[in-house]
Amino acid sequence: MAGGTITRIALGGSSTLVEGDFTGFYNNLGMSAGDNNAFKAKVTNHGKPEKAPKAGKFFVKGWWTNHKDEPIKRAIYGQVLRFHIEMDKEFTKAGDIVYFGMYDSDMRSFGNDAIKADDPIALEHKDGSHTAYTYEKVNNELKVIIEFSTTDALEQWTRQLDEDMVFELYFRCSYVNRGETEHVEMPYNFHDYLNLGAIVIDRYKMPGLNLEGTDIAEDMAYGTGNPYKKPIYNSDDIIQYKKDYALFGFNSNLHSDFANKELVATQLEEVTVTAKRIEPKPQANLNTTIAQPRDHTYVAPAPSFTLEEINARLQKQNEKNTKAVYSREEIKKLGTLMNLTASSDNESGMWFDFKAMSRGILSRGKLNDNIGLMISKMQRNEGGIFENPDLTAALLENPATRNYLMKVEDYIAEQLKSKFSKLEDVEDKEPYFAVMKKKEIVFFKNSKGKRVKQFRSPAYTWSENWNVLRGETIALNDIWAAEVILKEVKMNGEDYTAKYEVTLWDHFGLDRPDMEKFYSYGAGFRAWFVLQHIFGYKPFLTRIKFTKELKNNLNTGASERQAQRAKEKKEAEEAEKIRMMQELMSGPKF
């Protein structure tokens with residue numbers, strides 16, 4: 001069993017169960033490699049000729065479309081997909097049978113994918129019979145249409161196949177005519193294979209890096225007042241981090257340095273797995289099995305390190321002040337009330353001030369325990385990532401989050417309206433950073449060019465009383481980085497339900513600009529800053545991750561949604577005026 005579902009939308013006809021791999025399937029039909037085998041050699045498929053030649057003697061060509069029969073090269077889970085096969089009119093007649101199997105190409109496999117052969121992905125009938133969908137009849141137009149739908153549960157399987165978590169799909173097809181057998185792969189060109197997977201909508205900055213994306217974010221720095229030579233991070237490490245992040249997001253093991261997380265003995269086994277077979281786990285309530293390739297070794301997607309590399313990383317991480325950016329002299333200039341005496345008595349007093357300010361004063365109600373957990377994590381000096389479902393739930397109630405999500409959904413709606421058949425133009429994997437001029441932000445550079453995005457990240461600032469006493473501000477204030485991924489789009493005619501995932505990142509730490517504001521007037525903030533930059537307590541990453549649904553229509557984009565909201569607001573205001581007038585008229589005259 002594999003972690004995902006691909007189900008066929010029945011177009012008529014019956015099904016045949018295929019056991020084993022595709023080669024065994026052909027052998028069961030009495031076909032052999034010597035029978036007019038027209039499978040292409042992959043080495044001839046790297047180029048993109050102006051016009052693809054005829055696929056074979058009986059097969060003309062094959063191509064992918066969405067449910068509207070628009071040619072596509074990129075699709076997302078949940079879509080209804082169609083693969084069209086044109087047969088040669090000279091040999092083929094309506095009612096003939098074409099056998100097929102769908103495969104994920106490994107031509108562009110990545111380092112952690114040790115499977116050298118292409119991976120078969122079985123299709124099933126949608127009727128719940130669990131019978132395999134392996135053949136289709138030629139229609140009256142001498143074409144074959146293979147139609148099926150997918151679910152986003154397949155993403156869990158792609159993590160073991162390709163680091164980019166995107167399928168590159170094609171079909172192997174077989175046809176028998178007058179005793180002559182032909183096998184082909186279609187589409188003819190690799191460039192026309194279908195890329196299937198979740199789509200990155202936006203990546204605003206990156207956790208752990210500064211505004212420009214060139215070095216450590218200073219609120220993630222820590223030390224004992226002896227600054228380390230800049231840059232803190234090696235430029236090659238930054239480049240690799242950006243490449244990784246664009247490919248598959250943040251990896252807790254691979255990117256531990258950027259979360260101030262040291263590699264410890266309990267993690268070494270996890271990051272050094274290189275040959276262990278990882279079996280995909282069956283998903284609950286799935287009515288599809290996905291064929292597993294035989295004699296293949298699945299490799300865990302976690303990175304592998306030699307013992308020498310691990311020891312080098314541990315030594316580097318444990319060196320004092322390797323992430324210090326402020327000197328004692330700089331810290332003294334922030335105010336005469338900054339206590340820089342590093343002693344156990346002062347340290348315990350500072351933790352008392354830090355906790356007293358945070359708990360009960362700036363974090364009340366549901367989030368009072370949350371800030372206590374965050375401070376305790378910092379006091380354990382462990383770095384890493386903090387997550388709390390109470391914090392996530394509180395943010396989902398916050399007007400700042402709702403306003404942010406409204407803008408995200410407007411953008412998604414506009415992209416699906418205008419680019420439903422060109423989803424490759426919607427994808428925006430590369431993180432973008434600020435372009436600075438004389439310490440001022442000029443603009444945020446987006447890797448995909450000038451895109452009209454009215455959102456970057458929500459803010460839970462001091463300007464809103466909603467946030468200050470509830471606990472969002474002390475826990476987060478401004479969200480540092482954000483990621484939006486479109487996971488699934490299920491169609492019902494022109495209506496759709498889109499599932500998208502939001503990940504918000506923040507740094508639980510303070511930098512000098514924080515203290516140059518009014519923060520330095522509070523003993524709790526002064527204590528926090530000194531504990532971090534004089535006593536060397538590590539700040540960490542805070543992650544808020546949740547999934548939302550958008551119900552909309554393909555003909556409704558951002559402007560239509562905004563107009564509808566304006567109309568609803570006006571109607572509500574008019575209704576309130578009428579209510580108030582009626583209440584006034586019904587009251588006593590004197």
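Reading the values: rules and limits
Residues numbered from 1 in each chain as written. Predicted model: local features only at pLDDT ≥ 70, side-chain atom pairs only at ≥ 80, totals over all residues. Heavy atoms only, no water. Helix = DSSP H or I, 4+ residues; strand = E, 2+ residues; numbered from the N terminus. Buried < 20%, exposed > 50% of the residue type's maximum accessible area, 1.4 Å probe, protein only. Axes fitted to C-alpha atoms, helices over the stretch in contact; angles between N-to-C directions. Parallel < 35°, antiparallel > 145°, perpendicular 65-115°, else oblique. Contact = heavy atoms within 4.5 Å. Nonpolar A, V, L, I, M, F, W, Y, C, P; charged D, E, K, R; others polar. Expected span 1.5 Å × (residues − 1). pLDDT = per-residue confidence, 0-100. Pairing = 2+ DSSP bridges.

A. Up close: the environment of Lys 453. In this structure, Lys 453 sits in the loop between strand E16 (440-445) and helix H11 (465-468). Judged by its relative accessible area of 14%, Lys 453 is buried. Residues Lys 453 and Lys 407, spaced 46 residues apart in sequence, show a C-alpha to C-alpha distance of 8.2 Å.

B. Focus on the packing of helix H9 (residues 389-397) against helix H10 (residues 399-419). Direction vectors running N to C along H9 and H10 enclose 70 degrees, while the axes themselves pass 5 Å from each other. With respect to H10, the axis of H9 lies roughly perpendicular. Across the interface between the two elements, Leu 395, Leu 396 and Glu 397 of H9 pack against Pro 399, Thr 401 and Arg 402 of H10. Of the residues belonging to the contact of H9 with H10, the class tally is three nonpolar, one polar and two charged.

C. Main features of helix H8 (residues 368-379). When the terminal C-alpha atoms of H8 are compared, their 17 Å separation across twelve residues agrees well with the 16 Å that a helix rising 1.5 Å per residue should span. Just beyond H8, the residue with positive phi is Asn 381, at close to 60 degrees.

D. Structural detail: the confidence of the model for the protein chain. Mean pLDDT for the protein chain: 77, with 67% of residues reaching 70 or above. Per-element averaging of pLDDT across the protein chain places helix H4 (residues 265-271) at the bottom with 39 and strand E2 (residues 59-66) at the top with 97. In the model, residues 10-46 has pLDDT below 50 throughout and makes 68 contacts with residues more than four positions away in sequence or in other chains. Across residues 109-115, where pLDDT falls below 50, the model places 22 contacts with residues more than four positions away in sequence or in other chains.

E. Main features of the sheet that holds strand E18 (residues 495-508). Pairing in this open sheet of five strands is mixed, and the strands run E13-E17-E18-E19-E14 from one edge to the other. With one partner strand each, in any of the chains shown, strand E13 (199-204) and strand E14 (385-386) form the two edges of the open sheet. Sheet topology note: the strand E17 (residues 481-492)/E18 ladder contains eleven bridges and is antiparallel. Of the residues in E18, the one forming a bridge with Lys 490 is Thr 497.

F. Looking closely at the pairing of E18. Most of E18 sits out of view: eleven of its 14 residues are buried. Here E17 folds back onto E18 in antiparallel fashion, the turn holding two residues, of which Gly 493 has a positive phi close to 70 degrees. Pairing geometry for E18 and strand E19 (residues 540-553), over 14 bridges, is antiparallel. Note on E19: the bridge partner recorded for Lys 499 is Glu 549.

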